[in-house]
Amino acid sequence: MKTLALTFLVILVVSVQSSSGAVHKVGDASGWTTIGNVDYKKWAATKTFQIGDVIVFKYSPQFHNVMQVTHAEFRACNASSPIATHTTGNDSITITTPGHHFFLCGVPGHCQAGQKVDINVLRSASVTPSPSPAPAAVDAAEAPAPSIGIASPLHDSNRRFVKLVMALALAYVSVFA
Ligand SMILES: [Cu+2]
């Protein structure tokens, strides 16, 4: 019975954690705008983007939009053939691939005024050096399941969190179950 309760808790915790990446609001408090000369290059440089993270563009849809474009289009502020267009004013884009993701506002003049952002997503989940070799995304997916029988390609920070919650769950179960 103890084992069952613990297993249930662990599954609950892992499923909640693996479904949520970090959320990055573009421009932070300023949002997605031409007002105040927000430096989106600088904003992006302060963030670490990983696969599974969510990029949120907040803006007034009367005045702006979000277009994902190629690198060439990004450099030229060319909004004529976007890969994808978002217009809700509260667009959440989940990152599913590594590398650069280029976004600009398609309203004439806005990209030229600086309303453009390059989201560079890391190939590996790990950015800080760790004592054990950091597994690549593919290796993590194919790695043998841990002893509890759950394989999940979690980020390192999530793993630490899961370990903490698992320890708490174990303590809870051993006291109350
Ligand atoms: Cu705009």
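By the naming in an unreviewed UniProt entry, the protein goes by Phytocyanin domain-containing protein and is assigned to Lithospermum erythrorhizon.

Brief notes about the sheet that holds strand β7 (residues 116-121)
Judged by pairing direction, the sheet is antiparallel, and its 4 strands sit side by side in the order β4-β3-β6-β7 without closing on themselves. Each having just a single partner strand, β4 (84-86) and β7 make up the two edges of the open sheet. Each strand of the sheet is rotated relative to its neighbour by a mean of 25 degrees, with strand direction disregarded. For strand β6 (residues 99-104) and β7, the ladder comprises 6 bridges, and the chain directions are antiparallel. Bridge pairing in β7 links His100 to Asn120.

Looking at unusual backbone geometry
For Asp28, which is not a glycine, the phi torsion comes out positive at approximately 50 degrees. One can find Asp28 in the loop between β1 (23-25) and α2 (40-45). Residue class for Asp28 comes out exposed when judged on the 12 C-beta atoms lying within 10 Å of it. Residue Asn37 is not a glycine yet carries a positive backbone phi of 45 degrees. Topologically, Asn37 is positioned in the loop between β1 and α2.

Structural notes on the nonpolar core
Residues Val26, Trp32, Val66, Phe103 and Leu104 are the most contacted members of the largest nonpolar core, which totals 19 residues. Breaking this core down by element, the ones donating at least two residues are β2 (54-58), β3 (66-69), β6 and β7.

Concerning the environment of Ser30
With respect to the helices and strands, the residue Ser30 is situated in the loop between β1 and α2. Take Ser30: there are 17 C-beta atoms within 10 Å of it, and that puts it in the partly exposed class. Spatially, the C-alpha atom of Ser30 lies 8.7 Å from that of Lys58, the residues being 28 residues apart in sequence. Excluding residues that lie within four positions of it along the chain, Ser30 makes contacts with Gly36 and Val38.

What counts as what
Residues numbered from 1 in each chain as written. Predicted model: local features only at pLDDT ≥ 70, side-chain atom pairs only at ≥ 80, totals over all residues. Pairing = 2+ DSSP bridges. Helix = DSSP H or I, 4+ residues; strand = E, 2+ residues; numbered from the N terminus. Axes fitted to C-alpha atoms, helices over the stretch in contact; angles between N-to-C directions. Buried ≥ 20, exposed ≤ 12 C-beta atoms within 10 Å, placed from the backbone. Core = buried A, V, L, I, M, F, W, Y, C linked by C-beta atoms within 7 Å. Contact = placed C-beta atoms within 7 Å.

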